[in-house]
Number of protein chains: 2
Amino acid sequence: MISQTEENYLKALFILANENGETGVNELSKFLGIKMPTVTSMMKSLADKNLVRYITYKPVILTVTGKKEAASIIRKHRLTEMYLVEKMGFGWDEVHEIAEQVEHVKSNALFDKMDEALDFPKFDPHGAPIPDKNGKIDFPDQRKLSECKVGETIQLSGVIHSSDVFLKFLNSKNLKLGTILTVQLIEAFDGTRELSYDERTAEILSEIACEKLLVQNLKHI
Amino acid sequence: MISQTEENYLKALFILANENGETGVNELSKFLGIKMPTVTSMMKSLADKNLVRYITYKPVILTVTGKKEAASIIRKHRLTEMYLVEKMGFGWDEVHEIAEQVEHVKSNALFDKMDEALDFPKFDPHGAPIPDKNGKIDFPDQRKLSECKVGETIQLSGVIHSSDVFLKFLNSKNLKLGTILTVQLIEAFDGTRELSYDERTAEILSEIACEKLLVQNLKHI
DNA sequence: ATATAAAGTTAGATATCACTAACAAAATTA
DNA sequence: TAATTTTGTTAGTGATATCTAACTTTATAT
């Protein structure tokens, strides 16, 4: 049996994994807000349970089993977020904390029912992909808004590490997933962007904000 | 902050409380499946937090705060059960385990939304009363089916400590909350009952089963 | 009224998950 | 390459929540 605490470590490892699928202990420690020695000892215990591959002083890698468990938790989290927004009337800025708790509920039936009620969604309310029952994720072809050039017209498709403060900020600017944006100008000295969308012709967004927004090319049907 | 474990003790104390609102350590221990010494030490710690009144060798009593906390958890549990049955298509025999976990979610908003979506229900799918936001419970005028005399016609209104096995058994007999029953016969030697309801004229139920069923007098409108 | 049974407590052990302090290895920079 | 910084580990501590073994108190029965 995997504890709630262990599940949180696995989820973090899944989210933080870079190209090689590796994560440093320090990175994990900062992400979880747990001190490094605690993380080190947890890595040993997860390695004993065959959920991670761990050699002292080397970065940590999820095993196949660990990856599957992690994907399952992320699936539960994202389905819950989507259910709360679509079926219960919550705002996208209100669901993270609740999903953080509901994701640990041991009942496949519950999440399968959510999945069905939502007609098997591929993305959560923040545009993050939802793993299917087998742990497979359909990564969309997204890049950061901060990487777009002047003149590009793209569609807002995701939000990174969405804190509720940031999401409320987006609400105040009327920026939603699906909004079609054109980059009008990039301020050379601080990277501030001027964007147009809807009826707004010159909305200003900081570079920091643009790094947290994911966009897709428009789909020509 | 009250831990999940502590919440389970409070809930148990609320449910087990007799006339005086007291519960013995042994009774609690058996109910929770936790050994007595563990229960004793938890009672000390809950007393330190002012959630119970506890004197060694005496039964335990919930304080006003403790009672309020307990009622809140029971409210969450029963609202969840009702939501799962009414809004998500689960059977009444499938929801206890899930609610047992969801009840610990820290978010009043979640349960208030359920409450609203269900139009502020007074009872859960097993006929147990749902405390309101202030912890008040509307106890219905119920007695056990085993206490009814021959010839009485009453309405099934609740099920006690509903294990899924027992609920599946009721399903198989087509017994539901609201079913109108007449006691046709009480077998003197073992208390077996013969009941009529729907088109069934002589359904047999053991005394043990009848002790787990709660009934109300018919409401003459 | 004493013996026995039931209920309850104390003491000491264990597992999990967190911490700090001190040290060691690896990476970076001068 | 040597010094410094960053990263990571070890050792030891503490809180929580569980257990068993041994003992005590209260209740029950003969």
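What you see is a predicted model; the values in this text were computed from it and never measured.

### So, the overall build of chain A
And step 1. Tallying secondary structure elements over chain A gives 8 helices and 9 strands in all.
And step 2. A globule of 221 residues ought to have a C-alpha radius of gyration of about 17 Å, and chain A, at 19 Å, matches this closely.
And step 3. Based on the C-alpha atoms only, the size of chain A along its principal axes is roughly 55 × 45 × 30 Å.
And step 4. When the 221 residues of chain A are sorted by exposure, 44% land in the buried category.
And step 5. A sequence separation of at least 24 residues applies to 59% of the contacts in chain A between residues at least 6 apart.
And step 6. In chain A, 28 positive and 33 negative side-chain charges are present, and the distance between their average locations comes to 5 Å.

### Thoughts on the protein's contact with DNA strand C
And step 1. Not every one of the 20 residues close to DNA strand C is listed here, only the nearest: A:Ser3, B:Asn26, B:Thr40, B:Lys44 and B:Tyr54.
And step 2. Atoms of DNA strand C within 4 Å of the protein belong to the sugar or the phosphate in 73% of instances, the rest to bases.
And step 3. A:Tyr9 is positioned with one of its side-chain polar atoms (N or O) 3.1 Å from a phosphate oxygen of DNA strand C.
And step 4. B:Lys44 is positioned with one of its side-chain polar atoms (N or O) 2.3 Å from a phosphate oxygen of DNA strand C.
And step 5. Elements with a minimum of two residues in the surface near DNA strand C: helix H1 (4-16) and helix H3 (36-48) of chain A together with helix H2 (25-32) and helix H3 (36-48) of chain B.
And step 6. Split by residue class, the surface near DNA strand C holds 10 nonpolar, 7 polar and 3 charged.

### So, the protein's contact with DNA strand D
And step 1. Inspection of the region around DNA strand D gives 21 residues, with A:Asn26, A:Thr40, A:Lys44, A:Tyr54 and B:Ser3 positioned closest.
And step 2. Taking all atoms of DNA strand D within 4 Å of the protein, the share assigned to sugar and phosphate is 72%.
And step 3. Contact distances for DNA strand D include 2.4 Å between a phosphate oxygen and a side-chain N or O atom of A:Lys44.
And step 4. Within the contact set of DNA strand D, a phosphate oxygen lies 2.6 Å away from a side-chain nitrogen or oxygen of B:Ser3.
And step 5. Counting residues per element, the ones that place at least two in the surface near DNA strand D are helix H2 (25-32) and H3 of chain A together with helix H1 (4-16) and H3 of chain B.
And step 6. Residue classes in the surface near DNA strand D are distributed as 10 nonpolar, 8 polar and 3 charged.

### Overview of the relation of the copies chain A and chain B
And step 1. Overlaying chain A on chain B yields an RMSD of 0.1 Å, the required transformation being a rotation through 180° with an accompanying axial translation of 0.0 Å. One copy is carried onto the other by what is essentially a two-fold rotation axis. Nearest to the rotation axis, the C-alpha of A:Val102 is located 3.4 Å from it, this being the minimum over chain A.
And step 2. A high fraction, 100%, of the interface residues of chain A reappear at the interface in chain B, so the copies pair face to face through one surface.

### Things to note about the nonpolar core
And step 1. Ranked by size, the top nonpolar core spans 31 residues in total, and within it A:Met88, A:Leu110, B:Met88 and B:Leu110 carry the most contacts.
And step 2. Only helix H4 (64-88), helix H5 (96-102) and helix H6 (108-117) of chain A together with helix H4 (64-88), helix H5 (96-102) and helix H6 (108-117) of chain B provide two or more residues apiece to this core.
And step 3. With 6 residues, the top contributor of residues to this core is H4(B).
And step 4. Beyond its immediate stretch of four places on either side in the chain, A:Met88 contacts A:Tyr83, B:Tyr83, B:Leu110, B:Lys113 and B:Met114.

The rules we used
- Residues numbered from 1 in each chain as written.
- Chains lettered and ligands numbered in written order.
- Predicted model: local features only at pLDDT ≥ 70, side-chain atom pairs only at ≥ 80, totals over all residues.
- Heavy atoms only, no water.
- Helix = DSSP H or I, 4+ residues; strand = E, 2+ residues; numbered from the N terminus.
- Rg over C-alpha atoms; globule rule 2.2 N^0.38 Å.
- Buried < 20%, exposed > 50% of the residue type's maximum accessible area, 1.4 Å probe, protein only.
- Contact = heavy atoms within 4.5 Å.
- Lys, Arg positive; Asp, Glu negative; His and termini not counted.
- Charge placed at Lys NZ, Arg CZ, Asp CG, Glu CD.
- Near = heavy atom within 4 Å.
- Polar contact = N/O pair within 3.5 Å; in protein donor to acceptor, adjacent residues only side chain to side chain.
- Nonpolar A, V, L, I, M, F, W, Y, C, P; charged D, E, K, R; others polar.
- Least-squares fit on C-alpha atoms with pLDDT ≥ 70 in both.
- Core = buried A, V, L, I, M, F, W, Y, C linked by side-chain atoms within 4.5 Å.

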